[in-house]
Amino acid sequence: MWRLFRREQQDPAPFYRYLASELVRDLEGRHGPLEGQRLLDLGCGPGWYAEALERLGARVIAIDYDGDELATSGARPSAPLLADGGRLPLPDGSIDGVVCSNLLEHTPDTEAILLDIARVLRPGGWAYVSWTNWYSPWGGHEMSPWHLLGPERGSRLYERRHGPPRKNRYGEGLFPVHIGPTLRLVERLPQLELERAEPRYWPWARPIIFVPGLRELITWNCVLRLRRRPDRSVEGASVAPAVPA
């Protein structure tokens, strides 16, 4: 994976197809056969995940906010939708599962995304949400490692020396999303249950997620595995088990 990632900007297809194949294998292991499931690829971009999910027989709705991303050479999802991830054009409870890979750092409103994921999921439905947390090695994307100086200062110094990044400029296409505040946000959302949080590329190192400070630096990419609570749980205002801040 590291070898493919090093060439991701020049030749993205091998890296993202490998990542997608690994993910769908994992999802089938956790949620059973994906064939026939109605799934949402939220922040689909060129469609690598939609392609892999459809190959297994899932009925995929692919949505992205950026028309340029949808037009990027890639897997080209069939009939993608252009929409705001915090205001999805989907009925309540209409989706069996959500794949939301590397979207949160590209939206200014994490809470709106998670709330709408909860809304469109059926009771008992699952969600896989990952993002590149800000202080991880690649948190600043093209600006890395300048982002380690902080969102405002790091981006200002980077642009002074190199000019604006080609894409994902801070405050426009890139936003600081941290692990601790995101875990606490999920705790406050009564419709969602956090089943597991882990580093995406080394899930065996899951204990890192429970170490404040350290998790922000070395997780690299954080995964939240979420479940939509049954309606009766929401009515009873039950809350997820606390996650150390």
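Residues numbered from 1 in each chain as written. Predicted model: local features only at pLDDT ≥ 70, side-chain atom pairs only at ≥ 80, totals over all residues. Heavy atoms only, no water.

A. Examining the overall build of the chain more closely. The helix and strand inventory of the chain stands at 9 helices and 7 strands. Put simply, the chain has 245 residues, and 48% of those count as buried. Excluding contacts between residues fewer than 6 apart, the proportion of contacts in the chain whose partners are at least 24 apart in sequence is 66%. Working note: accessible area of the chain is about 11800 Å², and carbon and sulfur atoms make up 52% of it. (Helix = DSSP H or I, 4+ residues; strand = E, 2+ residues; numbered from the N terminus. Buried < 20%, exposed > 50% of the residue type's maximum accessible area, 1.4 Å probe, protein only. Contact = heavy atoms within 4.5 Å. Areas by Shrake-Rupley, 256 points an atom, 1.4 Å probe, with all protein chains shown as cover.)

B. Local environment of helix H7 (residues 179-188). Within H7, burial applies to Ile-179, Gly-180, Thr-182, Leu-183, Leu-185 and Val-186. Contacts made by the buried residues of H7 are with helix H5 (110-120), strand E5 (121-131), strand E6 (192-199), helix H8 (214-218) and strand E7 (222-228).

C. Representation of the packing of aromatic side chains. As enumerated under the stated definition, the model contains 3 aromatic pairs in all. An angle of 80° between the planes, with centres 6.5 Å apart, marks the rings of Trp-202 and Trp-220 as edge-to-face. Taken as a pair, Trp-202 in the loop between E6 and H8 and Trp-220 in the loop between H8 and E7 lie far apart in primary sequence, 18 residues in all. Following the ring pairs from residue to residue traces out a cluster consisting of Tyr-201, Trp-202 and Trp-220. (Phe/Tyr/Trp six-rings, centres within 6.5 Å; stacked < 30°, edge-to-face > 60°.)

D. Local environment of the pairing of strand E1 (residues 38-42). Most of E1 sits inside the fold, with 4 of its 5 residues counted as buried. Across 5 bridges, E1 lies against strand E2 (residues 59-64) in parallel orientation. When the bridges of E2 are listed, Asp-41 appears paired with Ala-62. In this region the chain leaves E1, passes through helix H3 (residues 48-55) and returns to the parallel neighbour E2; the handedness of that crossover is right-handed. When E1 meets strand E4 (residues 95-101), the two strands line up parallel, connected through 3 bridges. When the bridges of E4 are listed, Leu-40 appears paired with Val-98. (Pairing = 2+ DSSP bridges. Right-handed = clockwise from strand over helix to strand, strands pointing away.)

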